Amino acid sequence: MVKFLHTADWQMGMKALHTGEKAKDVRFKRFETAKRIVEEAKAANVDFVLLAGDTFEDNTVDEVVVKRTVDILNQFDPIPVYIIPGNHDPFVPGSIWDRDIWKQIGSHVSLLTEAVEYCHSDDVVIYPCPLTQKKSGLDPTLWIPKRTEEDPRIRIGLAHGSLDIISEDANFPIPLDRPEQSDLDYLALGDWHSYYAVQNAVYSGTMEPTGFGEKNSGNVLIVEIKTANSVPKIDVRRINALTWIDISPDIQDSADLAVFESELKKLDPLSSKLLKITPILEECSDIVAFQQLETIRSDLLEKSFFLDWDDPIIQPMVGDAHLPEGILSRMDEVLADILEGKIPAGPGKEFAICDNTTVSRARQILHRLAGGRLS
Amino acid sequence: MIIEEITIKNWKGYREAHTFQFDEKFNLLLGRNEAGKSTIFEAFTRVLFTRHNSTAKEIFQIQPIGTSLAPEATIIIQSDGQRYKSYKRFIKASTSELYRWKNDQWQRIHEGDSADNVLRDILKGDHKPTLKPEHRGLSQALWYLQNDDPLPESEWGDAIRIGLSGFISHIAQSPEEELILKKLDKEFVDYFTPTGRIKKDSPPDKLENEIKIIEAVISSLREGAARVENQRQNLEVLFEETRGKEIEYKKGLVEIQTLEDTIAEGQELELKKKEKDQILFHTLEEEKKLKSDYDTINRRRKDIDSAQSELETLQGEAERHKSDERIEIRSAETLKQNWKETLTPNLQIVEESIGFLRAIEDLKHLEKDKSQIETKIEEIKSIIEESRIIKSKLLEESLPDTKDWQTLQKQREELNTIKAQAEISGIWVGFDFKEGNTKISAKPDPDNVNEDGEYLVLGPTSFTIGDYGTVTIRGGGPSLEELQTNGDSLDKKIQKVFKKFNVENYEEFYLLHQRRMDLEKEQTRLQKELKKITIDEDLDSLTQSFDTIEGNISIKKNECALAPPDYHTLAPEAIGKKIKDFEKQKKALIKDIKNEQQKEEEARKKSSELLELYQSAITQVTKLKSKHNTLQQENSQILKSYGTLEHLEKLLDQVAVSLKTIEADLSSINEEYRVRVEEPKNQLEQAEKIIDALDKQLQDNYKKITGIKASMETIFAQNLYSEMADQEAMLEVKKKQFERVNGQAKAILLLKNMAESFKEEQSTALSGPISELLNGWLAILTDDSYDEVRINEKLIPIEVQTPRYNDVLPMECLSFGTREQVVVLLRLAMGVLLSKDERSLVVIDDRLVNADPVRMRRLCQILDEVATKHCQIIVATCNDTPYIGINMNKIPVPGVIGRE
């Protein structure tokens with residue numbers, strides 16, 4: 001029997017641009033999570049760890065990132081760690097694997113850079129598929145030989161690429177039935193950031209989500225295989241420190257707001273949450289609700305790890321202002337006509353070419369200046 | 001709004017309170033210059049628009065000069081159907097009170113700042129600290145004051161447009177609209193400059209600048225990243241190259257090993273080849289020697305033959321040179337003999353003849369010279385003798401010279417003069433005795449007794465008169481005595497001179513002098529003659545020349561002693577001709593001698609050369625002979641080892657055969673050797689070279705790789721990647737903010753531009769009614785010279801239509817007076833339009849001075865009409881004559897005296 005920890009796509013040093021000023025903190029959290037993987041591996045008493053590619057975000061990440069990662073990997077000692085280069089950190093001259101700092105890695109860590117059979121033990125063999133470039137249309141697992149008749153060993157593939165169920169021009173396409181084709185008891189995959197398993201081909205997903213909209217990421221897998229040709233037992237362990245949540249609540253009144261608030265409460269603790277909130281407010285006319293929403297926003301800004309909620313809540317509402325007869329009312333008519341796609345007559349004609357967003361904003365401002373209600 | 005009355009006190013020239021009341025129609029403020037008409041209007045504006053507590057320096061200027069009095073004014077106006085009274089005091093205890101007439105009394109409704117504000121709002125003025133026309137609301141147009149510009153710089157203030165738009169029903173403007181537009185303006189100003197450009201330090205501008213800075217940083221970081229990538233690509237290339245070379249290197253090492261093994265196997269063959277090579281070598285050496293000897297002998301034999309033939313040739317040459325040399329010598333001798341024995345003696349004869357002839361010629365010349373000199377000498381001697389005689393006469397005879405003669409003459413004259421003076425000065429004493437023969441003696445004797453027996457007494461003289469006694473006369477005085485003395489002295493001198501020259505009198509003296517003169521004259525003449533003769537040579541020199549010539553004559557005589565006798569008898573011309581002939585002969589002879597000598601020299605030179613050639617040939621012959629002998633001896637020496645030459649040839653053939661055999665054997669061994677040993681050795685050498693080169697290249701590549709890696713490590717250590725990530729994240733944030741803010745700005749700009757467009761439309765609409773009024777009045781005023789004023793959308797007149805020429809003229813082309821009049825009409829037109837609901841006040845402060853009487857009359861008609869039907873008009877002037885026809889309220893403005 002063999003028990004191992006399968007992880008991938010650590011993406012150490014990732015930019016996290018969309019988190020603005022929090023980008024540095026987001027990057028730092030990944031080191032914390034990686035340390036927890038060490039604890040998880042030791043706690044589960046695994047035989048080895050498989051890191052299926054993209055350990056680093058790029059071959060040019062800072063030295064300090066590599067050093068920290070090396071330190072964390074060294075903490076796995078004495079558990080062997082088998083790493084393959086992925087498409088973000090391919091094994092090329094000048095890559096991370098060439099750096100002096102990488103040479104400080106412990107002997108328990110093996111960077112498998114050749115597509116040759118690697119014997120972990122007498123009864124477990126690993127077939128690594130290291131990547132030597134960033135993009136390719138070739139199947140990196142093609143070389144894995146079929147099992148010979150007398151081979152009783154547990155055969156584990158270690159690859160980084162895209163199972164060809166999404167698109168034809170996938171990067172490093174891997175056939176869905178590679179485990180079957182090559183008699184693999186388990187194909188440990190990296191590249192997709194969400195956990196996904198189809199028969200023996202399994203993506204562990206990234207150990208820490210990398211953006212809004214990722215489902216099922218933030219895991220490591222503890223895999224047990226009893227014997228050759230047996231079904232592997234996969235235990236998905238949640239490991240992520242941060243959670244990325246994307247919400248678009250439809251607020252029409254205070255009741256909706258209450259629902260939204262209760263949803264937010266369920267997210268506690270907010271300090272580990274990255275929130276992207278885009279409220280739908282077109283139908284809302286409840287001033288109190290708006291004010292409460294503003295309060296919620298201020299609160300979230302303070303408490304959450306990161307908040308992406310830029311658009312102002314209080315927006316001028318069109319239609320409620322009293323525009324005196326004269327230039328201003330005529331201007332309002334012109335703006336309305338333009339928004340409807342009409343070409344106004346008179347002095348307003350020259351403004352028909354303005355884009356609708358600007359025209360709409362202009363109309364809102366006009367109404368606000370006229371003392372219209374702010375929504 | 002119209003004004004009912006104004007009272008001003010402590011206001012410039014108005015110390016006491018003065019009240020001016022106005023009619024609701026036409027009012028004429030009449031006063032002289034400096035009477036204070038404009039002051040009244042100033043008071044209007046101050047009361048209505050200036051804050052009561054203003055401390056602007058213009059306020060202090062309204063104080064009466066030299067005082068610190070507080071200016072005060074009270075104004076009563078009508079506006080919007082209400083009567084208002086405003087009281088303001090400035091500078092000291094500044095006050096502002098606003099009253100409204102209600103229930104038959106004045107009720108105070110505002111005071112202080114609020115009173116100021118309400119008053120301003122009546123005429124829609126700005127709440128600005130300065131009192132520029134554009135801040136005076138409607139009065140900017142309606143009040144044409146002394147210091148106002150005829151027209152605004154760009155456009156009338158908003159108040160006027162708003163005021164004017166009141167009668168255009170479809171464009172009603174309200175304070176609400178104005179407020180909203182002001183808010184829009186404020187928001188606009190937050191983002192934009194007046195020209196519509198994003199304002200510096202506005203939110204979009206700041207964000208844009210921040211974005212630029214971040215982008216610049218990112219660009220710089222990207223450059224670093226690009227450098228890393230570039231280095232990485234270089235590294236990749238190097239790695240590939242290195243890997244290829246390593247593979248080649250390994251292959252090379254294997255190949256070297258294989259070759260070394262092959263070479264080791266071929267060692268025995270090498271020994272065999274070596275042995276055969278030795279044999280071949282020795283045989284070749286032997287053949288070489290035999291051949292060398294054989295060749296040497298043959299060559300020498302050829303040399304001997306050639307030497308022999310050369311020898312014969314040289315000997316012949318030597319003989320020839322010798323013979324030639326002898327001929328040349330003989331020829332030289334002949335030539336020498338000719339010029340020496342024949343030509344030279346002839347020359348001597350000729351020269352001798354020439355010498356004789358010359359000597360004779362010279363002799364003749366010398367004798368002639370001698371004769372001449374002799375004559376000269378004689379002459380000189382004669383002159384000298386004569387001169388000597390004269391000289392001796394001059395010495396011997398005592399003859400007075402000119403100086404003596406002159407001195408004597410002078411003395412004589414002096415004496416005569418003295419005598420004359422004495423005679424004049426002297427006393428004449430005459431005695432007349434009755435008895436005759438009385439003896440008279442005088443002491444001293446008088447100088448002179450005249451015929452009458454008078455005695456001239458020049459000095460004290462005593463006369464003894466017989467026995468009678470003595471008479472002493474002391475006459476004459478000192479001067480007479482002096483004269484006497486002088487005369488005596490002179491006389492003595494003269495006598496001395498006579499004595500000297502042994503004469504008795506002047507005539508004799510003169511004769512002596514004349515004689516001297518003659519002698520001296522003669523002496524002079526002789527000296528001149530002598531000088532003439534001795535101008536070239538003096539006597540000594542002539543004497544010397546004479547001696548020399550004599551000497552030369554003697555020599556010449558000796559020279560021509562041996563000359564043929566007929567030479568001596570030749571005339572000088574004949575001698576000359578003969579000499580010429582002989583000279584010709586001499587020249588010819590000298591030339592011939594020279595030619596002969598030259599020929600002789602050439603012959604001798606040639607003979608020397610021939611002799612040298614002969615000697616050289618002889619030397620060569622000797623050498624050749626020696627060489628010939630040596631060659632023969634050497635050949636004999638060589639042949640000693642072989643016997644004869646045939647024997648040597650035979651040996652040579654034998655060795656050649658032996659050599660062929662050895663070479664054949666060696667050839668086959670060599671072939672095998674080449675294949676089994678030599679080629680592998682060459683290949684090994686090549687392979688080793690390649691390996692060395694590869695090794696070097698690999699080392700270089702390793703160095704480069706290490707270098708690039710070190711460089712990349714340095715860049716990685718700078719944390720470029722995370723730095724760039726942070727900057728890119730920040731950029732995202734700023735861009736989002738900019739998008740939002742910029743969108744806001746664009747919307748505000750859109751609103752602003754739209755508002756401007758609508759305002760412009762309004763202005764354009766407004767200009768119609770104004771033009772209508774203005775055009776009618778202009779036609780009246782100018783008698784149809786101009787019938788239309790074009791007004792732009794800002795209500796500024798820009799040009800006039802002239803029907804006479806069917807053309808338009810810019811306003812600038814009109815005369816100053818006409819322009820002023822157009823401006824007045826424009827303001828009146830605005831006044832009429834603004835008076836739709838109630839009368840408005842129009843003020844014209846002495847602005848019609850440039851109108852001629854005809855225009856003035858017409859203007860007054862227009863003013864009368866406007867005042868009657870529409871507006872309250874106040875005109876300030878110092879001349880009321882033009883306004884006579886108008887129904888008016890004439891308000892005199894007293895001057896300073898009048899006010900006092």
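Residues numbered from 1 in each chain as written. Chains lettered and ligands numbered in written order. Predicted model: local features only at pLDDT ≥ 70, side-chain atom pairs only at ≥ 80, totals over all residues. Heavy atoms only, no water.

Draft legend 1. Representation of the confidence of the model for chain B. Residue and element names in this part refer to chain B. Residue-level pLDDT values for chain B average 87, and 93% of them are 70 or greater. Across residues 167–172 the pLDDT falls below 50, and counting only partners more than four positions away or on other chains, this stretch makes twelve contacts in the model. Of the two predicted TM-score estimates for the complex, the pTM is 0.51 and the ipTM is 0.86. (pLDDT = per-residue confidence, 0-100. Contact = heavy atoms within 4.5 Å.)

Draft legend 2. Representation of the interface of chain A and chain B within the structure. Listed per partner, the contact involves 49 residues of chain A and 50 residues of chain B. Here chain A meets chain B over a buried area of about 4,500 Å², counting both sides, of which 65% is carbon and sulfur. In this structure, the connection of chain A to chain B is made through six salt bridges. Ionic pairing is found between Glu187 of chain B and Arg368 of chain A, a salt bridge with its closest N-O pair at 2.8 Å. Linking chain A with chain B are 13 residue pairs in polar contact (both at pLDDT 80 or more), by the criterion used here. Of all the elements in the fold, those that place two or more residues in the side of chain A that touches chain B are helix H1 (23–44), helix H2 (63–74), helix H6 (327–339) and helix H7 (356–369) of chain A. (Buried area = accessible area lost by both parts, 1.4 Å probe. Salt bridge = Lys/Arg side-chain N within 4 Å of Asp/Glu carboxyl O. Polar contact = N/O pair within 3.5 Å; in protein donor to acceptor, adjacent residues only side chain to side chain. Helix = DSSP H or I, 4+ residues; strand = E, 2+ residues; numbered from the N terminus.)

Draft legend 3. Main features of the environment of Pro564 of chain B. The residue Pro564 of chain B is located in the loop between helix H12 (539–559) and helix H13 (565–568) in this model. Residues Pro564 of chain B and Leu357 of chain B lie 207 residues apart in sequence; the distance between their C-alpha atoms is 9.6 Å.

Draft legend 4. Examining the nonpolar core more closely. All names here are of chain B. Formed by 82 residues in total, the largest nonpolar core has its most connected members in Ile40, Phe44, Trp143, Leu828, Ile873 and Tyr883. When residues in this core are grouped by element, the largest group, eleven residues, is from helix H17 (residues 816–834). Apart from residues no more than four positions distant in its own chain, Tyr883 is found in contact with Phe26, Leu28, Leu848, Met856, Cys860, Leu863, Val875, Thr877 and Met888. Residues Leu207, Phe738, Met754 and Phe758 belong to the second largest nonpolar core, which totals 35 residues. (Core = buried A, V, L, I, M, F, W, Y, C linked by side-chain atoms within 4.5 Å. Buried < 20%, exposed > 50% of the residue type's maximum accessible area, 1.4 Å probe, protein only.)

Draft legend 5. Structural view of helix H4 (residues 254–266) of chain A. Residues and elements named next belong to chain A. Compared with the 18 Å implied by 1.5 Å per residue over 13 residues, the 19 Å span of H4 between its first and last C-alpha is a close match. Along H4, the residues that are buried comprise Leu257, Phe260 and Leu264. The buried residues of H4 occupy one face: seen down the axis, they fall within an arc of 60°. Across H4 from its buried face, at more than 90 degrees, point the exposed residues Lys265 and Lys266. Of the surrounding secondary structure, the elements contacted by the buried residues of H4 are strand S15 (243–247), strand S16 (273–277) and helix H5 (287–303). (Expected span 1.5 Å × (residues − 1). Arc of directions from axis to C-beta.)

Draft legend 6. Local environment of the environment of Asn552 of chain B. Summarising the element assignment, Asn552 of chain B is placed in helix H12. Considering only alpha carbons, one finds Asn552 of chain B and Leu363 of chain B, 189 residues apart in sequence, at a separation of 7.9 Å.

Draft legend 7. Quick look at the sheet that holds strand S16 (residues 797–802) of chain B. Residues and elements named next belong to chain B. Pairing in this open sheet of three strands is antiparallel, and the strands run S15-S16-S17 from one edge to the other. Of all the strands in the sheet, the pair left with one neighbour each is strand S15 (788–791) and strand S17 (807–810). Adjacent strand axes in the sheet meet at a mean angle of 30°, parallel and antiparallel pairs treated alike. With four bridges connecting them, S16 and S17 associate as antiparallel partners. Its bridge partner being in S17, Thr802 is matched across the sheet by Asp807. (Pairing = 2+ DSSP bridges. Axes fitted to C-alpha atoms, helices over the stretch in contact; angles between N-to-C directions.)

Draft legend 8. Main features of the pattern of salt bridges. Residues and elements named next belong to chain A. For the structure on display, the rule yields 65 salt bridges over all chains. Of the charged contacts, one joins Lys29 and Glu32 as a salt bridge, the two residues approaching to 3.4 Å between their closest N and O atoms. Of this pair, Lys29 and Glu32 both sit in helix H1, three residues apart, roughly one helical turn. Classification of Glu32 as partly exposed rests on a relative accessible area of 29%. One salt-bridge network, in which partners are shared between bridges, spans Glu117, Asp151, Arg153 and Arg155.

Draft legend 9. The arrangement of the packing of aromatic side chains in detail. Residue and element names in this part refer to chain B. Tallied over the entire structure, the rule returns 28 aromatic pairs over all chains. The interplanar angle of 75° and the centroid separation of 5.8 Å between the aromatic rings of Phe22 and Phe44 together place this pair among those described as edge-to-face. Here Phe22, found in the loop between strand S2 (18–21) and strand S3 (26–30), pairs with Phe44, found in helix H1 (residues 37–49); they are 22 residues apart in sequence, far enough to count as distant. Like Phe22, the residue Phe44 is buried in the burial classification. Seen in terms of ring centroids, Trp405 and Tyr510 are 5.1 Å apart; in terms of plane orientation they differ by 55°. Their pairing is tilted. In this pair, Trp405 is assigned in helix H9 (residues 402–425) and Tyr510 in helix H11 (residues 506–533), connecting sequence segments 105 residues apart. In this structure Trp405 comes out as buried when scored by relative accessible area, which is 12%. Put simply, the rings of Trp405, Phe498, Phe501, Tyr506, Phe509 and Tyr510 touch in pairs and so form one group of aromatic residues. The ring of Trp101 has Arg83 lying over it, and the distance from NZ or CZ to the ring centre is 5.2 Å. The lysine or arginine in question, Lys322, covers the ring of Tyr614, its NZ or CZ lying 5.1 Å from the ring centre. (Phe/Tyr/Trp six-rings, centres within 6.5 Å; stacked < 30°, edge-to-face > 60°. Lys NZ or Arg CZ within 6 Å of the ring centre and 35° of its normal.)

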